[in-house]
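Examining the three-dimensional arrangement
Chain residues, written in single-letter form:
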Amino acid sequence: MLIGEALKRARERKGLRQSELAEKLYVDKSLVCRWEKGQRRISLDELTVILEILGITIDEFKKMC
């Protein structure tokens, strides 16, 4: 599975819409959409913050990929 697909699955498991995650990250919803579609890479710093918001560890996320 691709990182973007895993991100989408993790976000949905948390019950968040793209717009809600974007708001928590102080970014535009379109950026979250591009991450999930694999149109834009997620930096390690960005991923760390996202996973913290979603309440999952990097190891849990790796298993989703």
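Everything that follows concerns the structure shown earlier in this document.
Residues numbered from 1 in each chain as written. Predicted model: local features only at pLDDT ≥ 70, side-chain atom pairs only at ≥ 80, totals over all residues. Heavy atoms only, no water.

**Brief notes about the environment of Lys-14**
The line we're drawing: A helix here means a DSSP run of H or I that spans at least four residues, while a strand means a run of E at least two residues long, and both kinds are numbered starting from the N terminus. For every residue, the accessible area obtained with a 1.4 Å probe (protein chains only) is divided by the maximum for its type, and the residue is called buried under 20%, exposed over 50%, and partly exposed between those limits. Any two residues whose heavy atoms approach within 4.5 Å at even a single point are treated as in contact.
Position of Lys-14 relative to the elements: it lies in helix 1 (residues 3-14). Given the relative accessible area of 45%, Lys-14 is considered partly exposed. When sequence neighbours within four positions are dropped, the list of residues in contact with Lys-14 reads Ile-53 and Leu-54.

**Let's talk about the pattern of salt bridges**
The criterion, for reference: When a carboxyl oxygen of Asp or Glu lies within 4 Å of a side-chain nitrogen of Lys or Arg, that pair is called a salt bridge.
Inspection of the entire model under this criterion finds three salt bridges. The salt bridge involving Glu-36 is made with Arg-11; its shortest N-O contact spans 2.5 Å. Placement of Glu-36 in helix 3 (residues 29-37) and of Arg-11 in helix 1 is noted, with a sequence separation of 25 residues between them. By relative accessible area, Glu-36 is classed as buried at 8%. Its relative accessible area of 6% is what places Arg-11 among the buried residues. In this structure, Arg-17 engages Glu-20 in a salt bridge whose closest nitrogen and oxygen atoms are separated by 3.6 Å. Residue Glu-20 is classed as partly exposed on the basis of its relative accessible area, which comes to 26%.

**Thoughts on the nonpolar core**
To be explicit about the condition: Here, nonpolar core refers to any group of buried Ala, Val, Leu, Ile, Met, Phe, Trp, Tyr and Cys residues whose side-chain atoms link them within 4.5 Å.
Leu-7, Leu-21, Trp-35, Ile-42, Ile-50, Leu-54 and Phe-61 are the most contacted members of the largest nonpolar core, which has 17 residues in total. Of all the secondary-structure elements, those providing two or more residues to this core are helix 1, helix 2 (18-25), helix 3, helix 4 (44-54) and helix 5 (58-64). Residue contributions to this core peak at four residues, all from helix 4. With sequence-adjacent residues up to four places away left out, Ile-42 is seen in contact with Ile-3, Leu-7, Trp-35, Leu-47 and Ile-50.

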